Amino acid sequence: MNVENRLANKKRRSQKVAFGIFSFTSYSVVALLFVILAFIVVKGIGAISWEFISEMPKNGMTEGGIFPAIIGTLCLVLASMIFAFPVGVLAAIYMNEYVKQGWPKKIIKQMTNNLAGVPSIVFGLFGMSLFVNKLGFGDSILAGGLTLGLLVLPVIIRTTEEALKAVDDTFRQASLALGASKWETTSKIVFPIAFPNIITGMILSIGRVSGETAPILFTVAAYFLPKLPTSIFDQAMALPYHLYVISTSGTNIEASRSMAYGTALILIIIVLISNLLANALRKYYGKKVKMN
Amino acid sequence: MASHLETELGKLRGIIIKIGGLAESQVAEAVKSVLSEPVSEGKEVKKTENKIDKLDVKIDDICQSVFALQQPVASDLRFIISAMQMSKEIERIGDLSMSIIKLSKSIKEKHELISKFNITEIAREVEFITAKTNECFQDMDEDMIQEIFALNNSIRTKSTEATQNIIGEMKSNSKTVVSGTNLIIALKHFDRIADHCTNIAESIYFMINAKTIKHEKMIDKK
Amino acid sequence: MHKIESQNVNFYYGENQALHDISLSMKENTVTALIGPSGCGKSTYLRLLNRMNDLIDDTKMTGSIHIDGTDIYGNSTNVDNLRKNVGMVFQKPNPFPKTIFENVAYGLRVNGITDKKEIEERVVTTIEQVALWDEVKDKLKKSAFELSGGQQQRLCIARALAIKPSILLMDEPTSALDPISTSKIEELIYELKNKYTIVIVTHNMQQAGRVSDNTAFFYMGNLIEYDKTKSIFTKPAKKQTEDYITGRFG
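Described in the following lines is the structure provided in the data block.

What counts and how
Residues numbered from 1 in each chain as written. Chains lettered and ligands numbered in written order. Predicted model: local features only at pLDDT ≥ 70, side-chain atom pairs only at ≥ 80, totals over all residues. Helix = DSSP H or I, 4+ residues; strand = E, 2+ residues; numbered from the N terminus. Rg over C-alpha atoms; globule rule 2.2 N^0.38 Å. Buried ≥ 20, exposed ≤ 12 C-beta atoms within 10 Å, placed from the backbone. Contact = placed C-beta atoms within 7 Å. Nonpolar A, V, L, I, M, F, W, Y, C, P; charged D, E, K, R; others polar. Pairing = 2+ DSSP bridges. Core = buried A, V, L, I, M, F, W, Y, C linked by C-beta atoms within 7 Å. Axes fitted to C-alpha atoms, helices over the stretch in contact; angles between N-to-C directions. Parallel < 35°, antiparallel > 145°, perpendicular 65-115°, else oblique. Left-handed = near helix turned anticlockwise from the far one by under 90°.

Comments concerning the overall build of chain A
Within chain A, the regular secondary structure consists of 11 helices and two strands. Along chain A, from the amino end to the carboxyl end, the secondary structure elements read α-α-β-β-α-α-α-α-α-α-α-α-α. A globule of 292 residues ought to have a C-alpha radius of gyration of about 19 Å, yet chain A, at 24 Å, is considerably larger. By residue count, 38% of the 292 residues in chain A fall in the buried class. Put simply, of all contacts in chain A between residues at least 6 apart along the chain, 77% involve residues at least 24 apart.

Next comes the structure, spelled out in structure tokens:
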């Protein structure tokens, strides 16, 4: 074998090795995901039934359903989104479209990133001091929603910013060159183009909000509420907290175990459904953007 | 809607037809002056001469412009090249006609020489070849090119013969030397006018067939 | 007084001077080509005419630019109105992700025209004006992205013309297009000359020769020569111009 062939073979070998490592790690990640899902599904599917979803918990959480927790989680998601989405999107628009380059912009960006890194339990504490106590909302969906909103605000800001940045500058220029104002350009051209990706940011946030436990500990979550919340000032149950409670400090942990897995499964399903829904929305708006 | 280039080429074509027509009328005047027919005012002839010169310059200008600005290719390119060549030939025809007209004034007693030696026929043929050349360009007719070459040959043969005869006459009759000499020069000019016509015909052939031919060779082929 | 008059214009990107003392005036209903090697400042200059350089931070301009006798950098000038009068077509066709109809209607809408009939009429007229009507009349409600590159660019020209500017700026409008689309657009420019004053930046010299009445040769931010296109291409006055035109540099 001459030198060229030897070199070629060596390259082929090292390529195969590298490729092998990459495939292995990729498949491992996917496999891991499946394992977790399978684990939850297998353990929790037994608990799932119509009663489980639609009924109140009974008998010290060992029987009945988790309906109020489901409703509570949905309320919190809604409340946090109503607050965080408009604020986050507008903030991102301001930062990306209006602020000039330079150190003010750099500082704002850094602050936003830092906010994203704040531990969620710290948010919980902050939410408790400000919303529950100082502003007097008490343990409530309002307090919980605002706290969770603050938590995901940096995520929404960042993803919206990325979405806006991804809009080719040439569209802005074309619009401005026609005599449109900056706001007209932003609202009529840039935002519609970025919208599908902004929705993606919202998806991530919904998933995050559904599963956060620490912030809601301090601000809204109730261990056991037999009735559903009727106003934003009411307390509510929530799935992640419920899961924690019946797994660790319920009246009869062993008996509640299957319910715990069921709760986890429901939580995952909610996140999955919101992902699918938002993806569908993304596709729909993506088409609409081209047609309009 | 014609393209920018097409418009320019159309303009050019129109000018060539115009300058060709003017040259044709100058040749007619030259013929008239030799055959002692009534001619136009000297002023008119001079005016036409100026017009021809101006159009020649204009043709050059347009061609240069089209080369520089439009990058003509293929048939358009051949047209522009031919246009510049033909313009020069036509301008020479105009010049030669003017020379003949000037000469004619000094050909006294020419009538005998003219009738004796067939000059009328030659003159008419020169008129004819000029008209034919213009027609050939207007119609882009390849068959006419052959005709033009044939006419040129005929004119050459006849004028050579006539020249010999006039020389003979001059030898025997010294009174005819001045008129005879001028007539011979006029005949030479007619000959060259016919030559320029064949050069124009060659350019037309080039435009149509993208090939260069020399009229002498063509006739030899036949 | 000419349609566009620039006097002693200097332009800086931060510390870097991009244009040096440019004085240039363009008559109404003419096509002026700006030529020169890459980075010579021709696009920068073009963008001064509709104040698109305002969008870039840390720039400075000295000197004056007058359009229809008004200083466009003066305090009394409203930039949006300026841009309504001075339209722009960009290098890469950039129709909005909207329908073909809406692309052309957009300019009308943001300039206050709301009457449905008027919008429809202007859209149709403009699309006809750019010789695109036959190709799109049956698909006005389809996405602009379904058109070919050349068609998209003509659509962008229509979009700019719909708001009836008097000046049209074109920044290398055909450099991203195939030869046939290019020649269609060049013919269009030749026709539009009657109604608009056009300034076109091109790195293709032959294009400058084909479409323009006057040509300005830029080099390293300086205006080297400005004359009738015919003169520039047959007997340029400056050696630099001649060297560039004949391809000896740049």
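Concerning the overall build of chain C
Looking only at helices and strands, one finds 10 helices and 10 strands in chain C. Dimensions of chain C, computed from the C-alpha atoms along their principal axes, are close to 55 × 45 × 30 Å. Buried residues in chain C amount to 49% of all 250 residues. Across chain C, the fraction of contacts at a sequence separation of at least 24, relative to all contacts at a separation of at least 6, is 67%.

A short note on the interface of chain C and chain A
The interface is formed by 25 residues belonging to chain C together with 19 residues belonging to chain A. Within the residue set of the side of chain C that touches chain A, elements represented by two or more residues are α2 (79-85), β6 (86-89) and α3 (100-110) of chain C. Partitioning the side of chain C that touches chain A into residue classes produces 10 nonpolar, eight polar and seven charged.

Quick notes on the interface of chain B and chain C
Between chain B and chain C, the residue contacts involve eight residues of the former and nine residues of the latter. With five residues, helix α2 (residues 42-70) of chain B is the largest single contributor of residues to the side of chain B that touches chain C. Taken together, the residues that form the side of chain B that touches chain C break down as two nonpolar, six polar and no charged.

Some remarks on the sheet that holds strand β4 (residues 59-67) of chain C
Residues and elements named next belong to chain C. Read from one edge of the open sheet, four strands run β2-β1-β4-β5, paired in antiparallel fashion. The outermost strands of the open sheet, each flanked by one partner alone, are β2 (16-26) and β5 (70-71). Where strand β1 (residues 4-13) meets β4, eight bridges bridge the pair, whose relative direction is antiparallel. Across the sheet, Ile-4 pairs through a bridge with Ile-67, a residue of β4.

Focus: the arrangement of the chains
The highest contact count of any of the two pairs of chains in contact belongs to chains A and C. One thing to see here is that chain A and chain B don't touch, and their nearest C-alpha atoms sit 30 Å from each other.

A short note on the nonpolar core
Grouped together as the largest cluster of nonpolar side chains are 196 residues, with contacts concentrated most on Leu-76 of chain A together with Val-126 of chain B. Setting aside chain neighbours within four positions, we find Val-126 of chain B in contact with Val-27, Val-31, Ile-155, Phe-190, Ile-193 and Ala-194 of chain B.

Some remarks on unusual backbone geometry
All names here are of chain C. Positive phi outside glycine occurs at Asp-58, with the angle close to 60°. Along the polypeptide, Asp-58 turns up in the loop between α1 (42-48) and β4. For Asp-58, a count of 11 C-beta atoms within 10 Å gives the class exposed. The backbone of Ala-131 shows a phi angle near 60°, a positive value even though the residue is not glycine. By the secondary structure assignment, Ala-131 is in the loop between α4 (116-129) and α5 (133-136). Residue classification places Ala-131 among the partly exposed positions, given that 17 C-beta atoms sit within 10 Å.

A closer look at the sheet that holds strand β9 (residues 214-219) of chain C
Residue and element names in this part refer to chain C. What the six strands build is an open sheet, ordered β6-β7-β8-β3-β9-β10; its pairing is mixed. If you trace the sheet from one side to the other, it starts and ends with β6 and β10 (222-228), each paired once. Sheet twist, expressed as the mean angle between neighbouring strand axes with direction ignored, is 15°. Sheet analysis places strand β3 (residues 31-35) next to β9, joined by four bridges and oriented parallel. Within the sheet, the bridge partner assigned to Thr-32 lies in β9 and is Asn-214.

Here's the deal with the pairing of β2 of chain C
Residue and element names in this part refer to chain C. Pairing geometry for β1 and β2, over seven bridges, is antiparallel. Counted as the bridge partner of Ile-4 is Met-26 from β2. Counted along the chain from β1 to the antiparallel partner β2, the turn is two residues long, and its residue Gly-14 has a positive phi close to 60°.

Remarks on the packing of α2 of chain B against helix α3 (residues 74-104) of chain B
A pair of packed helices is characterised by two quantities: the angle between their axes and the separation of those axes. All names here are of chain B. Two elements in contact, α2 and α3, have axes whose closest approach is 10 Å; the angle formed by their N-to-C orientations is 165°. Comparing their axes, α3 and α2 come out roughly antiparallel. As for how α2 packs across α3, the hand of that crossing is left-handed. Residues Val-45, Glu-49, Ile-52, Asp-53, Asp-56, Ile-59, Asp-60, Cys-63, Val-66 and Phe-67 of α2 form the contact with α3, whose participating residues are Ile-80, Ala-83, Met-84, Ser-87, Glu-91, Gly-94, Met-98 and Ile-101. Of the residues contributing to the contact of α2 with α3, the split by class is 11 nonpolar, two polar and five charged.

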